[in-house]
Amino acid sequence: MNAMRIIQAVLVGGFLFGLYVVAMLWPGALDGPMSFMVADGPVAAAQKNVFWYTVWVSLFLMVTVGSVFIYAIYRFRAKPGADFAVPEQSHGSAKVEIALIVASCLLLVVIAIPNARALFYVDSVPQERREEAIKVVAIGHQWWWEFQYPDLGVTTANELYIPVGKPIEVEIRSADVLHSFWVPRLAGKMDAVPGQINRMWFQADKAGTYQGHCTEYCGDSHANMRFLVEARDDAEFEQWLRNEKKDAAAPASVQEVNGQRIFMQGCNACHMVKGTGAMGMVGPDLSHFAGRKTLGAGIFENNDENLAKWIKYPQQMKPGNLMNLQQVNMVLSDRDVDALVAYLNSLK
Ligand code: HEC
Ligand SMILES: [Cu+2]
(Lines give C-alpha, C1' and ligand atoms only; values in the text may rest on other atoms or scores of the structure.)
(Ligands and ions follow the chains in the order given, each with its own letter.)
Protein backbone atom coordinates (compact mmCIF):
# COMPACT_ATOMS: atom_id res chain seq x y z
CA MET A 1 0.00 0.00 0.00
CA ASN A 2 1.05 3.55 -0.62
CA ALA A 3 2.83 4.92 2.46
CA MET A 4 1.19 8.33 2.07
CA ARG A 5 -2.22 6.66 2.27
CA ILE A 6 -1.33 5.06 5.58
CA ILE A 7 0.00 8.34 6.91
CA GLN A 8 -3.21 10.07 5.81
CA ALA A 9 -5.31 7.42 7.53
CA VAL A 10 -3.30 7.77 10.72
CA LEU A 11 -3.60 11.56 10.60
CA VAL A 12 -7.37 11.43 10.07
CA GLY A 13 -7.73 8.88 12.87
CA GLY A 14 -5.55 10.99 15.15
CA PHE A 15 -7.56 14.10 14.32
CA LEU A 16 -10.88 12.41 15.14
CA PHE A 17 -9.44 11.01 18.35
CA GLY A 18 -8.14 14.48 19.21
CA LEU A 19 -11.59 15.97 18.62
CA TYR A 20 -13.03 13.34 20.96
CA VAL A 21 -10.51 14.18 23.66
CA VAL A 22 -11.17 17.92 23.27
CA ALA A 23 -14.95 17.31 23.50
CA MET A 24 -14.40 15.28 26.67
CA LEU A 25 -12.20 17.90 28.25
CA TRP A 26 -14.39 20.85 27.21
CA PRO A 27 -15.43 22.81 30.32
CA GLY A 28 -18.83 21.59 31.49
CA ALA A 29 -18.91 18.58 29.20
CA LEU A 30 -18.36 16.09 31.97
CA ASP A 31 -19.77 17.63 35.12
CA GLY A 32 -23.42 16.55 34.80
CA PRO A 33 -25.29 14.91 37.68
CA MET A 34 -24.47 11.44 36.34
CA SER A 35 -20.81 12.07 35.57
CA PHE A 36 -18.20 9.90 37.23
CA MET A 37 -15.63 12.50 36.14
CA VAL A 38 -16.69 14.55 39.13
CA ALA A 39 -15.72 12.87 42.37
CA ASP A 40 -17.67 14.09 45.39
CA GLY A 41 -16.22 11.54 47.77
CA PRO A 42 -13.04 9.55 48.43
CA VAL A 43 -14.22 6.31 46.77
CA ALA A 44 -15.26 8.08 43.58
CA ALA A 45 -11.96 10.01 43.70
CA ALA A 46 -9.89 6.83 43.98
CA GLN A 47 -11.74 5.34 41.02
CA LYS A 48 -11.49 8.48 38.94
CA ASN A 49 -7.78 8.90 39.66
CA VAL A 50 -6.93 5.36 38.72
CA PHE A 51 -9.00 5.73 35.55
CA TRP A 52 -7.10 8.83 34.44
CA TYR A 53 -3.76 7.37 35.46
CA THR A 54 -4.41 4.32 33.28
CA VAL A 55 -5.59 6.52 30.42
CA TRP A 56 -2.40 8.61 30.54
CA VAL A 57 -0.11 5.57 30.65
CA SER A 58 -2.01 4.04 27.73
CA LEU A 59 -1.87 7.31 25.84
CA PHE A 60 1.88 7.49 26.37
CA LEU A 61 2.19 3.95 24.98
CA MET A 62 -0.03 4.71 22.04
CA VAL A 63 1.89 7.85 21.12
CA THR A 64 5.29 6.15 21.51
CA VAL A 65 4.45 3.06 19.50
CA GLY A 66 2.45 5.11 16.99
CA SER A 67 5.29 7.54 16.32
CA VAL A 68 7.85 4.77 15.81
CA PHE A 69 5.38 3.08 13.48
CA ILE A 70 4.71 6.21 11.45
CA TYR A 71 8.42 7.00 11.31
CA ALA A 72 9.18 3.49 10.01
CA ILE A 73 6.51 3.74 7.34
CA TYR A 74 7.87 7.05 6.17
CA ARG A 75 11.56 6.21 6.44
CA PHE A 76 11.35 2.89 4.64
CA ARG A 77 8.72 3.77 2.06
CA ALA A 78 9.27 2.86 -1.60
CA LYS A 79 11.10 5.84 -3.03
CA PRO A 80 10.79 6.83 -6.67
CA GLY A 81 13.50 5.17 -8.72
CA ALA A 82 14.41 2.68 -6.04
CA ASP A 83 14.34 -0.97 -6.98
CA PHE A 84 11.50 -2.94 -5.54
CA ALA A 85 13.40 -6.06 -4.66
CA VAL A 86 12.56 -7.45 -1.18
CA PRO A 87 15.42 -6.33 1.07
CA GLU A 88 17.51 -8.82 2.95
CA GLN A 89 15.49 -10.33 5.86
CA SER A 90 17.03 -10.67 9.25
CA HIS A 91 15.85 -12.51 12.30
CA GLY A 92 15.82 -9.48 14.56
CA SER A 93 17.79 -8.60 17.59
CA ALA A 94 17.76 -10.46 20.89
CA LYS A 95 18.74 -7.26 22.71
CA VAL A 96 15.85 -5.24 21.31
CA GLU A 97 13.38 -8.04 21.96
CA ILE A 98 14.45 -8.56 25.56
CA ALA A 99 14.38 -4.81 26.14
CA LEU A 100 10.83 -4.59 24.75
CA ILE A 101 9.61 -7.51 26.90
CA VAL A 102 11.16 -5.98 30.02
CA ALA A 103 9.69 -2.57 29.18
CA SER A 104 6.23 -4.09 28.66
CA CYS A 105 6.41 -5.91 31.99
CA LEU A 106 7.51 -2.74 33.76
CA LEU A 107 4.64 -0.80 32.24
CA LEU A 108 2.19 -3.47 33.38
CA VAL A 109 3.57 -3.20 36.90
CA VAL A 110 3.35 0.59 36.72
CA ILE A 111 -0.35 0.23 35.81
CA ALA A 112 -1.06 -2.61 38.22
CA ILE A 113 0.23 -1.09 41.45
CA PRO A 114 -2.05 1.96 41.69
CA ASN A 115 -4.97 -0.12 40.34
CA ALA A 116 -4.50 -2.79 42.99
CA ARG A 117 -4.21 -0.15 45.72
CA ALA A 118 -7.43 1.49 44.55
CA LEU A 119 -9.16 -1.91 44.39
CA PHE A 120 -8.33 -2.63 48.02
CA TYR A 121 -9.28 0.88 49.08
CA VAL A 122 -12.74 0.86 47.48
CA ASP A 123 -13.44 -2.71 48.61
CA SER A 124 -14.33 -1.91 52.21
CA VAL A 125 -14.32 0.93 54.75
CA PRO A 126 -10.75 1.48 56.02
CA GLN A 127 -10.20 -0.35 59.33
CA GLU A 128 -9.70 2.80 61.39
CA ARG A 129 -13.02 4.24 60.18
CA ARG A 130 -15.24 1.15 60.72
CA GLU A 131 -16.57 2.59 63.98
CA GLU A 132 -18.15 5.65 62.41
CA ALA A 133 -19.58 3.82 59.41
CA ILE A 134 -23.34 3.86 58.80
CA LYS A 135 -24.71 0.55 57.55
CA VAL A 136 -27.29 0.52 54.81
CA VAL A 137 -28.94 -2.42 53.08
CA ALA A 138 -29.96 -1.44 49.54
CA ILE A 139 -32.44 -3.86 47.99
CA GLY A 140 -33.27 -3.63 44.30
CA HIS A 141 -36.91 -4.30 43.42
CA GLN A 142 -38.61 -4.10 40.02
CA TRP A 143 -38.41 -0.98 39.72
CA TRP A 144 -37.47 0.86 42.87
CA TRP A 145 -34.95 0.72 45.71
CA GLU A 146 -35.60 -0.18 49.31
CA PHE A 147 -33.12 1.24 51.86
CA GLN A 148 -32.87 -0.32 55.30
CA TYR A 149 -30.67 1.00 58.10
CA PRO A 150 -30.26 -2.13 60.25
CA ASP A 151 -28.48 -0.37 63.13
CA LEU A 152 -30.80 2.62 63.17
CA GLY A 153 -34.04 0.72 62.79
CA VAL A 154 -35.53 2.57 59.85
CA THR A 155 -36.53 1.65 56.31
CA THR A 156 -37.17 3.98 53.43
CA ALA A 157 -37.35 3.91 49.65
CA ASN A 158 -35.83 5.66 46.67
CA GLU A 159 -34.22 8.50 48.66
CA LEU A 160 -31.21 7.50 50.71
CA TYR A 161 -30.33 9.95 53.49
CA ILE A 162 -26.74 9.90 54.68
CA PRO A 163 -24.60 12.09 56.92
CA VAL A 164 -21.86 14.08 55.16
CA GLY A 165 -18.29 12.93 55.71
CA LYS A 166 -19.19 9.53 57.17
CA PRO A 167 -18.39 6.26 55.45
CA ILE A 168 -21.55 4.51 54.28
CA GLU A 169 -21.25 0.74 54.18
CA VAL A 170 -23.74 -0.64 51.69
CA GLU A 171 -24.92 -4.21 51.50
CA ILE A 172 -26.54 -4.73 48.13
CA ARG A 173 -29.25 -7.31 47.51
CA SER A 174 -32.01 -7.99 45.07
CA ALA A 175 -35.61 -8.99 45.72
CA ASP A 176 -36.14 -10.36 42.23
CA VAL A 177 -33.81 -9.96 39.23
CA LEU A 178 -30.41 -8.38 38.57
CA HIS A 179 -30.14 -4.67 39.31
CA SER A 180 -27.16 -2.44 39.82
CA PHE A 181 -26.59 0.36 42.32
CA TRP A 182 -24.85 3.39 40.88
CA VAL A 183 -24.33 6.93 42.14
CA PRO A 184 -21.58 8.05 39.75
CA ARG A 185 -20.39 11.06 41.75
CA LEU A 186 -20.00 8.95 44.89
CA ALA A 187 -18.83 5.51 43.72
CA GLY A 188 -18.66 3.04 40.88
CA LYS A 189 -21.51 0.61 40.31
CA MET A 190 -22.19 -2.60 42.21
CA ASP A 191 -24.62 -5.29 41.04
CA ALA A 192 -27.60 -6.48 43.05
CA VAL A 193 -27.64 -10.23 42.45
CA PRO A 194 -30.56 -12.41 43.58
CA GLY A 195 -29.47 -14.74 46.37
CA GLN A 196 -26.16 -12.99 46.88
CA ILE A 197 -24.90 -10.14 49.02
CA ASN A 198 -22.50 -7.65 47.49
CA ARG A 199 -20.78 -4.93 49.44
CA MET A 200 -19.41 -1.50 48.69
CA TRP A 201 -18.86 1.75 50.50
CA PHE A 202 -18.84 5.42 49.71
CA GLN A 203 -18.82 8.80 51.36
CA ALA A 204 -20.15 12.20 50.33
CA ASP A 205 -17.77 15.05 51.11
CA LYS A 206 -20.35 17.79 50.84
CA ALA A 207 -24.05 18.13 51.52
CA GLY A 208 -26.37 17.90 48.56
CA THR A 209 -28.42 15.65 46.34
CA TYR A 210 -26.71 12.99 44.26
CA GLN A 211 -28.42 11.25 41.39
CA GLY A 212 -28.42 7.46 41.20
CA HIS A 213 -29.71 5.00 38.65
CA CYS A 214 -30.13 1.26 38.30
CA THR A 215 -27.56 0.23 35.69
CA GLU A 216 -28.35 -3.39 35.03
CA TYR A 217 -31.24 -4.06 32.69
CA CYS A 218 -34.03 -5.41 34.90
CA GLY A 219 -37.17 -5.37 32.76
CA ASP A 220 -39.82 -2.97 31.42
CA SER A 221 -39.22 0.03 33.63
CA HIS A 222 -35.47 -0.29 34.10
CA ALA A 223 -35.00 3.12 32.50
CA ASN A 224 -37.33 4.57 35.16
CA MET A 225 -35.49 3.15 38.13
CA ARG A 226 -33.68 6.10 39.60
CA PHE A 227 -32.93 7.13 43.15
CA LEU A 228 -31.42 9.99 45.09
CA VAL A 229 -28.75 10.13 47.73
CA GLU A 230 -29.41 13.03 50.10
CA ALA A 231 -26.27 13.96 52.01
CA ARG A 232 -26.90 16.14 55.06
CA ASP A 233 -24.79 17.55 57.88
CA ASP A 234 -25.02 15.64 61.17
CA ALA A 235 -27.72 17.80 62.74
CA GLU A 236 -30.03 17.55 59.73
CA PHE A 237 -29.39 13.84 59.38
CA GLU A 238 -30.27 13.30 63.05
CA GLN A 239 -33.42 15.32 62.57
CA TRP A 240 -34.38 13.24 59.55
CA LEU A 241 -33.64 10.06 61.50
CA ARG A 242 -35.73 11.10 64.51
CA ASN A 243 -38.69 11.76 62.25
CA GLU A 244 -38.16 8.59 60.24
CA LYS A 245 -38.18 6.47 63.40
CA LYS A 246 -41.60 7.73 64.38
CA ASP A 247 -44.80 5.99 63.38
CA ALA A 248 -46.71 7.65 60.57
CA ALA A 249 -48.63 10.77 61.55
CA ALA A 250 -52.29 10.09 62.33
CA PRO A 251 -54.71 11.61 59.82
CA ALA A 252 -56.13 14.93 61.04
CA SER A 253 -58.72 16.34 58.63
CA VAL A 254 -61.91 14.59 57.57
CA GLN A 255 -60.50 14.12 54.09
CA GLU A 256 -57.31 12.57 55.45
CA VAL A 257 -59.29 10.19 57.65
CA ASN A 258 -61.32 9.25 54.61
CA GLY A 259 -58.14 8.76 52.60
CA GLN A 260 -56.73 6.41 55.21
CA ARG A 261 -59.96 4.39 55.21
CA ILE A 262 -59.68 3.94 51.43
CA PHE A 263 -55.97 3.17 51.74
CA MET A 264 -56.85 0.31 54.07
CA GLN A 265 -59.12 -1.21 51.43
CA GLY A 266 -56.32 -2.39 49.18
CA CYS A 267 -53.24 -0.15 49.12
CA ASN A 268 -52.32 -1.70 52.50
CA ALA A 269 -51.82 -5.08 50.79
CA CYS A 270 -48.68 -3.76 49.15
CA HIS A 271 -47.55 -0.78 51.23
CA MET A 272 -46.30 -0.32 54.76
CA VAL A 273 -47.43 2.69 56.81
CA LYS A 274 -45.79 2.28 60.20
CA GLY A 275 -48.09 2.25 63.20
CA THR A 276 -51.19 1.44 61.14
CA GLY A 277 -52.46 -1.93 59.94
CA ALA A 278 -50.84 -1.32 56.55
CA MET A 279 -47.99 -3.79 56.44
CA GLY A 280 -47.59 -4.67 52.76
CA MET A 281 -44.10 -5.44 51.55
CA VAL A 282 -44.61 -5.42 47.76
CA GLY A 283 -44.17 -1.68 47.22
CA PRO A 284 -42.22 1.13 48.88
CA ASP A 285 -42.72 1.96 52.58
CA LEU A 286 -44.97 5.04 52.62
CA SER A 287 -44.73 5.88 56.36
CA HIS A 288 -43.06 9.22 55.61
CA PHE A 289 -43.93 9.54 51.95
CA ALA A 290 -44.72 13.27 52.16
CA GLY A 291 -41.04 13.86 52.98
CA ARG A 292 -39.96 12.52 49.59
CA LYS A 293 -39.04 14.89 46.77
CA THR A 294 -39.86 12.36 44.11
CA LEU A 295 -42.39 9.77 43.15
CA GLY A 296 -42.14 6.52 41.21
CA ALA A 297 -38.47 5.87 42.04
CA GLY A 298 -37.04 9.28 41.33
CA ILE A 299 -38.84 9.95 38.05
CA PHE A 300 -41.55 12.50 38.96
CA GLU A 301 -41.62 15.47 41.25
CA ASN A 302 -43.74 14.60 44.29
CA ASN A 303 -46.65 17.05 44.00
CA ASP A 304 -50.46 16.76 44.22
CA GLU A 305 -50.98 16.58 40.48
CA ASN A 306 -48.42 13.85 39.85
CA LEU A 307 -49.53 11.92 42.92
CA ALA A 308 -53.18 11.92 41.78
CA LYS A 309 -52.11 10.77 38.32
CA TRP A 310 -49.92 8.09 39.86
CA ILE A 311 -52.78 6.68 41.93
CA LYS A 312 -55.24 6.82 39.00
CA TYR A 313 -53.01 5.65 36.18
CA PRO A 314 -49.90 4.01 37.61
CA GLN A 315 -49.34 2.10 34.37
CA GLN A 316 -49.42 5.21 32.19
CA MET A 317 -47.07 7.00 34.56
CA LYS A 318 -44.54 4.18 34.70
CA PRO A 319 -45.10 1.43 32.14
CA GLY A 320 -45.06 -2.10 33.50
CA ASN A 321 -44.68 -1.15 37.16
CA LEU A 322 -46.01 -3.63 39.70
CA MET A 323 -48.60 -1.37 41.29
CA ASN A 324 -51.76 -3.06 40.12
CA LEU A 325 -55.04 -1.93 41.62
CA GLN A 326 -57.07 -4.60 39.81
CA GLN A 327 -55.22 -7.17 41.87
CA VAL A 328 -56.85 -5.80 45.01
CA ASN A 329 -60.17 -4.97 43.31
CA MET A 330 -59.85 -1.24 43.83
CA VAL A 331 -61.88 1.07 41.63
CA LEU A 332 -61.30 4.65 42.63
CA SER A 333 -63.51 7.70 42.03
CA ASP A 334 -61.91 11.14 41.66
CA ARG A 335 -63.01 11.94 45.22
CA ASP A 336 -61.30 8.79 46.49
CA VAL A 337 -58.12 9.81 44.70
CA ASP A 338 -58.26 13.30 46.23
CA ALA A 339 -58.73 11.79 49.68
CA LEU A 340 -55.78 9.44 49.12
CA VAL A 341 -53.63 12.38 47.99
CA ALA A 342 -54.58 14.30 51.14
CA TYR A 343 -53.78 11.28 53.31
CA LEU A 344 -50.40 10.59 51.64
CA ASN A 345 -49.50 14.29 51.93
CA SER A 346 -50.09 14.07 55.67
CA LEU A 347 -47.45 11.34 56.03
CA LYS A 348 -44.64 13.76 56.82
C1 HEC B 1 -50.22 -4.79 44.01
C2 HEC B 1 -49.44 -4.01 44.88
C3 HEC B 1 -49.76 -2.54 45.05
C4 HEC B 1 -50.98 -1.98 45.38
C5 HEC B 1 -52.31 -2.65 45.59
C6 HEC B 1 -50.72 -0.56 45.50
N7 HEC B 1 -49.41 -0.28 45.25
FE8 HEC B 1 -48.55 1.52 45.31
N9 HEC B 1 -46.83 0.74 44.61
C10 HEC B 1 -46.61 -0.59 44.39
C11 HEC B 1 -45.30 -0.77 43.82
C12 HEC B 1 -44.66 -2.07 43.40
C13 HEC B 1 -44.75 0.52 43.73
C14 HEC B 1 -43.37 0.90 43.16
C15 HEC B 1 -43.55 1.20 41.70
C16 HEC B 1 -42.29 1.60 41.02
O17 HEC B 1 -41.76 2.68 41.34
O18 HEC B 1 -41.83 0.84 40.16
C19 HEC B 1 -45.74 1.44 44.25
C20 HEC B 1 -45.52 2.81 44.35
C21 HEC B 1 -46.40 3.66 44.98
C22 HEC B 1 -46.14 5.05 45.28
C23 HEC B 1 -44.84 5.79 44.95
C24 HEC B 1 -43.85 5.61 46.08
C25 HEC B 1 -42.49 6.19 45.80
O26 HEC B 1 -41.76 6.43 46.76
O27 HEC B 1 -42.12 6.37 44.65
C28 HEC B 1 -47.24 5.55 45.87
C29 HEC B 1 -47.44 6.96 46.39
C30 HEC B 1 -48.22 4.49 45.95
N31 HEC B 1 -47.66 3.36 45.40
C32 HEC B 1 -49.49 4.62 46.47
C33 HEC B 1 -50.44 3.62 46.42
C34 HEC B 1 -51.83 3.82 46.77
C35 HEC B 1 -52.43 5.12 47.27
C36 HEC B 1 -52.44 2.63 46.57
C37 HEC B 1 -53.92 2.30 46.74
C38 HEC B 1 -54.82 3.07 45.93
C39 HEC B 1 -51.44 1.68 46.12
N40 HEC B 1 -50.24 2.34 46.05
C41 HEC B 1 -51.69 0.36 45.84
C42 HEC B 1 -47.47 -1.62 44.64
C43 HEC B 1 -48.80 -1.47 44.96
CU1 LIG C 1 -32.49 -1.90 36.23
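Look up a bit, the structure's there.
Scope of this entry: the structure provided in the associated data block. All values derive from a computational prediction rather than experimental measurement. As a convention, each chain's residues are numbered from 1 in the sequence order in which they are written. To read the labels, note that chains go from A and ligands from 1, taken in the order they are written. Local features are withheld for residues below a pLDDT of 70 in this predicted model, meaning they are given only at 70 or higher, and side-chain atom pairs are given and counted only at 80 or more; totals for whole chains, interfaces and linings count all residues. Side-chain calculation: all heavy atoms of the structure are included, whereas hydrogens and water are not.

Remarks on helix H6 (residues 304-312)
Because each turn of an α-helix spans 3.6 residues, side chains separated by three or four positions end up pointing in the same direction.
Consideration 1: For H6, the complete set of buried residues consists of Asn306, Leu307, Ala308, Trp310 and Ile311.
Consideration 2: Throughout, a residue-residue contact means that at least one pair of heavy atoms, one from each residue, lies within 4.5 Å. Under the DSSP-based scheme used, a helix requires at least four consecutive residues in state H or I and a strand at least two consecutive residues in state E, with every element numbered from the N terminus. Those residues of H6 that are buried are in contact with strand S11 (294-295), strand S12 (300-301), helix H7 (314-317) and helix H8 (334-345). Using a 1.4 Å probe on the protein chains alone, a residue whose accessible area is under 20% of its type maximum counts as buried, one over 50% counts as exposed, and one in between counts as partly exposed.

Overview of the sheet that holds strand S10 (residues 226-232)
As a general point, the strands of a sheet are linked pairwise by backbone hydrogen bonds and lie either parallel or antiparallel.
Consideration 1: The 5 strands lie next to each other as S4-S10-S9-S6-S7, forming an open sheet whose pairing is mixed. This sheet does not close on itself; its edge strands, each paired only once, are strand S4 (159-163) and strand S7 (187-192). Adjacent strand axes in the sheet meet at a mean angle of 20° when their direction is disregarded.
Consideration 2: Each pair of strands is called paired provided DSSP finds at least two bridges between the two strands. As judged from the 6 bridges shared by strand S9 (residues 208-214) and S10, these two strands associate in the antiparallel manner. The partner of Gln211 across the bridge, within S10, is Leu228.
Consideration 3: Here helix H4 (residues 234-245) sits on the sheet and contacts S4 and S10; the angle it forms with S4, its principal contact strand, is near 135°. Axis geometry follows a simple rule: fit a line to the C-alpha atoms, using only the stretch in contact for helices, then measure angles between N-to-C directions, giving values from 0 to 180 degrees.

Observations concerning the site of ligand 1
Consideration 1: The near set for a molecule or strand comprises every residue that places at least one heavy atom within 4 Å of it. The local shell around ligand 1 holds 31 residues, among which Cys267, Cys270, His271, Gly296 and Met323 are the closest.
Consideration 2: Polar contacts, as used here, are pairs of N or O atoms within 3.5 Å; protein pairs need one atom able to donate a hydrogen and one able to accept it. Residues neighboring in sequence count only if both atoms are side-chain atoms. Here an oxygen atom of ligand 1 and a side-chain polar atom of Asn158 are 3.4 Å apart.
Consideration 3: Interatomic distance of 2.8 Å between a side-chain N/O atom of His271 and a nitrogen atom of ligand 1.
Consideration 4: Elements represented by at least two residues in the shell around ligand 1 include exactly H6 and H8.
Consideration 5: Looking at the shell around ligand 1, the element that brings in the most residues is H6, giving 3 residues.
Consideration 6: Partitioning the shell around ligand 1 into residue classes produces 21 nonpolar, 8 polar and 2 charged. Residue polarity is assigned by list, with Asp, Glu, Lys and Arg as charged and Ala, Val, Leu, Ile, Met, Phe, Trp, Tyr, Cys and Pro as nonpolar; anything else, Gly included, falls into the polar class.

What to know about helix H2 (residues 42-75)
Consideration 1: The terminal C-alpha atoms of H2 lie 49 Å apart, and with 34 residues this matches the ideal 50 Å at 1.5 Å per residue to within 8%.
Consideration 2: If you check which residues of H2 are buried, you get Val43, Ala44, Ala46, Val50, Val57 and Ile73.
Consideration 3: Each element contacted by the buried residues of H2 is listed here: helix H1 (3-25), helix H3 (94-123), S7 and strand S8 (198-202). For a helix, the expected span equals 1.5 Å multiplied by the residue count minus one.

That is the geometry; function is a separate question.
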